[in-house]
Amino acid sequence: MPTTRSEGTSAGASASKPTEMEILTKILQTQQEQLKEISRKLLMDKVMPPMTPDLLESLANSCSTFTHDPETGLTFDIWYKRHKGIFLEDGSALSDGARVRLLLRKLYSSSFSRYARFILPKEPKDLNYEETVRNLESLFGPEESLFRARYNCITTTKRDSDDYVTYAALVNDRCEKFITGTLSNDAFKALIYLVGLRSEKESSLRTRLLNQLETEDVSKINLQLFMLNESKRLSRVQEDASVLEREQKSVKVVQRNKYQNQKKSSQQSQQSSSSKPEHSANSKQIPKTPC
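In every chain, residue numbers begin from 1 and rise along the written sequence. Only residues with pLDDT of 70 or above have their local features reported here, since the model is predicted, and side-chain atom pairs are shown and tallied only from 80 upward, although totals for entire chains, interfaces and linings are computed over all residues. Excluding hydrogens and water, the side-chain values take into account all heavy atoms of the structure.

Draft legend 1. Molecular detail of the overall build of the protein chain. Helix and strand content of the protein chain: 12 helices and 0 strands. Secondary structure elements follow DSSP: runs of H or I of four or more residues count as helices, runs of E of two or more count as strands, with numbering from the N terminus. Put simply, the protein chain runs from its N terminus to its C terminus through helices and strands in the order α-α-α-α-α-α-α-α-α-α-α-α. Buried, partly exposed and exposed residues are distinguished by accessible area as a fraction of the type maximum, computed with a 1.4 Å probe on protein chains only: under 20%, between the cut-offs, and over 50%, respectively. When burial is assessed residue by residue, the protein chain has 21% of its 291 residues classed as buried. The long-range share in the protein chain, meaning contacts at least 24 apart out of those at least 6 apart in sequence, stands at 63%. Here the protein chain has roughly 22200 Å² of accessible surface; of this, 54% comes from carbon and sulfur atoms. Contacts: residue pairs with any heavy atoms within 4.5 Å of one another. Computed with the Shrake-Rupley method and a 1.4 Å probe, the accessible areas treat only the protein chains shown as cover for residues.

Quick look at the structure:
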């Protein structure tokens with residue numbers, strides 16, 4: 001029997017209508033997603049308490065103000081190592097911008113002014129927390145090079161004012177900065193070579209070699225070739241200095257002879273001028289002999 005138009009329409013509508021199982025499945029999926037979202041919010045509220053002005057002030061009071069003084073070892077990396085947990089753990093509820101403001105708030109006024117000029121034309125608020133920390137480490141980090149740190153390590157001596165615990169801490173700190181794993185054989189030879197130049201007359205050579213080694217890639221230095229070139233350079237400098245010294249001595253001799261000649265000539269002219277009046281006076285006193 002042929003199917004009527006109304007029957008075909010009813011069959012199509014029933015085919016497109018979702019079944020009860022599909023409806024239940026969709027409801028369960030929606031409920032699961034809602035439960036996950038609720039759980040996530042509860043967990044975030046438990047781990048990250050809401051930021052309040054009291055929290056910000058409490059964190060600020062927990063940090064000492066950073067003052068840059070590299071001569072006494074007060075560098076940003078040392079200060080940040082001490083307070084890093086306050087910013088990242090205790091201050092985990094802070095937004096990135098609030099964490100940056102808290103960090104810059106703990107800079108001494110002169111240090112902040114220097115940092116603000118350093119990042120121009122940008123402003124402190126334009127940089128995120130990680131960029132701010134990197135800039136501060138670069139600007140207020142240790143001023144000594146790796147080679148100088150190694151040199152200081154090998155030449156470490158105990159001062160009379162230091163006790164043994166202070167001296168042990170100094171040795172430990174300098175040895176940590178030495179980083180032996182990245183030191184090549186030639187670099188170590190150059191370091192030992194410099195340490196052996198202890199005479200006062202070699203102070204200029206020691207200073208020059210140390211500065212030279214700081215400006216080059218120490219790991220690629222060939223000590224023999226390096227010292228050969230330096231020896232040749234020093235020989236040329238000494239020869240040039242000797243030439244200049246001889247010329248200066250020659251000039252001084254000429255000037256001294258010229259002065260002595262002028263002085264002798266002046267004395268002779270004075271003697272000649274003084275003898276003429278006496279001669280004329282004597283000639284007037286002697287009477288003429290009559291004829």
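Draft legend 2. Geometry of unusual backbone geometry. With an omega of 5 degrees, the peptide bond between Leu 120 and Pro 121 qualifies as cis. Secondary-structure assignment places Pro 121 in the loop between α6 (109–118) and α7 (129–139).

Draft legend 3. Spatial organisation of a nonpolar patch on the surface. Like-charged residues within 9 Å of one another, or nonpolar side chains (Val, Leu, Ile, Met, Phe, Trp, Tyr) within 5 Å, are grouped into patches, provided each residue has over 30% relative accessible area and no salt bridge. A side-chain nitrogen of Lys or Arg and a carboxyl oxygen of Asp or Glu constitute a salt bridge if their distance falls within 4 Å. Taken together, the side chains of Ile 23, Leu 24 and Ile 27 make up a nonpolar region of the molecular surface, amounting to roughly 260 Å² of accessible area. Among the structural elements, Ile 27 can be located in helix α2 (residues 20–47).

Draft legend 4. Structural context of the side chain of Thr 156. One can find Thr 156 in the loop between α8 (146–154) and α9 (164–178). A 3.5 Å cut-off defines polar contacts: any pair of N or O atoms within that distance qualifies, except that in protein one atom must be a possible hydrogen donor and the other a possible acceptor, and neighbouring residues in sequence count only when both atoms are side-chain atoms. Within the local environment of Thr 156, its side chain forms a polar contact with the backbone oxygen of Cys 153, the two atoms lying 2.9 Å apart. Sequence-distant contacts of Thr 156, defined by excluding residues within four places in its chain, comprise Tyr 167, Leu 170, Val 171 and Arg 174.

Draft legend 5. Expanded view of helix α4 (residues 76–90). The length a helix should cover is 1.5 Å for every residue beyond the first. Its 15 residues give α4 an end-to-end C-alpha distance of 20 Å, which sits within 8% of 21 Å, the value for a rise of 1.5 Å per residue. Its maximal kink placed at His 83, α4 deviates by approximately 55 degrees. Here the bend at a residue is taken as the angle between two axes, fitted respectively to the seven residues that end there and the seven that start there.

Draft legend 6. Inspection of the environment of Phe 118 at higher detail. Mapped onto the elements, Phe 118 comes out in helix α6. Accessibility expressed as a relative area gives 42% for Phe 118, which makes it partly exposed. If near-sequence neighbours (up to four positions away) are discounted, Phe 118 is found in contact with Asn 135 and Leu 139.

Draft legend 7. Expanded view of the pattern of salt bridges. One pass over the full model with this rule turns up 4 salt bridges. For the salt bridge of Lys 125 with Glu 123, the shortest nitrogen-to-oxygen distance reads 3.8 Å. Note that Asp 126 and Lys 125 form a salt bridge whose closest N and O atoms lie 3.6 Å from each other. A relative accessible area of 65% places Lys 125 in the exposed class.

Draft legend 8. Focus on the packing of α4 against helix α5 (residues 96–105). At a minimum axis distance of 12 Å, the contact between α4 and α5 shows a crossing angle of 140 degrees. What the angle tells us is that α4 and α5 run oblique. For the pair α4 and α5, the crossing hand works out as right-handed. Residue-level contacts link Phe 76, Trp 79, Phe 87 and Leu 88 of α4 to Arg 99, Leu 102 and Leu 103 of α5. Angles run from 0 to 180 degrees between N-to-C directions of axes, and those axes are lines fitted to C-alpha atoms, restricted for helices to the stretch in contact. Just so you know how the angles are binned, under 35 degrees is roughly parallel, over 145 roughly antiparallel, 65 to 115 roughly perpendicular, and the rest oblique. Left-handed describes a crossing in which the near helix is turned anticlockwise from the far one by less than a right angle; the clockwise case is right-handed.

Draft legend 9. How the structure looks around the packing of aromatic side chains. Two rings belonging to Phe, Tyr or Trp (six-membered ring only in the last case) form a pair when the distance between their centres is within 6.5 Å. Interplanar angles under 30 degrees mark stacking, angles over 60 mark edge-to-face geometry, and anything in between is tilted. Across all of its chains, the model carries 8 aromatic pairs by this definition. Judged by centre distance (5.6 Å) and plane angle (90 degrees), the rings of Phe 66 and Phe 76 are edge-to-face. Separated by 10 residues along the polypeptide, Phe 66 in the loop between α3 (53–62) and α4 and Phe 76 in helix α4 bring together distant segments of the chain. For the pair formed by Phe 66 and Phe 76, the shared burial category is buried. With a centroid separation of 5.7 Å and an interplanar angle of 65 degrees, the aromatic rings of Phe 66 and Phe 140 are classed as edge-to-face. Pair noted here: Phe 66 is in the loop between α3 and α4 and Phe 140 is in the loop between α7 and α8, with a separation of 74 residues, a long-range link. For Phe 66, a relative accessible area of 1% puts it in the buried group. Within the aromatic cluster, the residues linked to one another by ring pairs are Phe 66, Phe 76, Trp 79, Tyr 80, Phe 87, Tyr 129 and Phe 140. Placement of a positive charge over a ring is assigned whenever Lys NZ or Arg CZ falls within 6 Å of the ring centre and within 35 degrees of the normal to the ring plane. Sitting over the face of the ring of Tyr 129, Arg 99 holds its NZ or CZ atom 5.6 Å from the ring centroid.

Draft legend 10. Local environment of the nonpolar core. Within the largest apolar cluster, 24 residues are counted, with the highest numbers of intra-cluster contacts made by Phe 76, Phe 87, Leu 103, Tyr 115 and Leu 136. Contributions of two or more residues to this core are made by α3, α4, α5 and α7. Excluding residues that lie within four positions of it along the chain, Tyr 115 makes contacts with Leu 104, Pro 124, Leu 127, Thr 132, Asn 135, Leu 136, Leu 139 and Phe 140. Residues belong to one nonpolar core when they are buried, are Ala, Val, Leu, Ile, Met, Phe, Trp, Tyr or Cys, and are joined through side-chain atoms within 4.5 Å. Judged by nonpolar contacts, the second largest core, of 12 residues, contains Phe 147, Tyr 151, Leu 209 and Met 227.

Draft legend 11. Structural detail: α9. Counted at 1.5 Å a residue, the expected span for α9 with its 15 residues is 21 Å, and the 21 Å between its end C-alpha atoms agrees. Sitting at the amino-terminal end of α9 is Asp 163, which places a side-chain oxygen 3.2 Å from the backbone nitrogen of Val 165.

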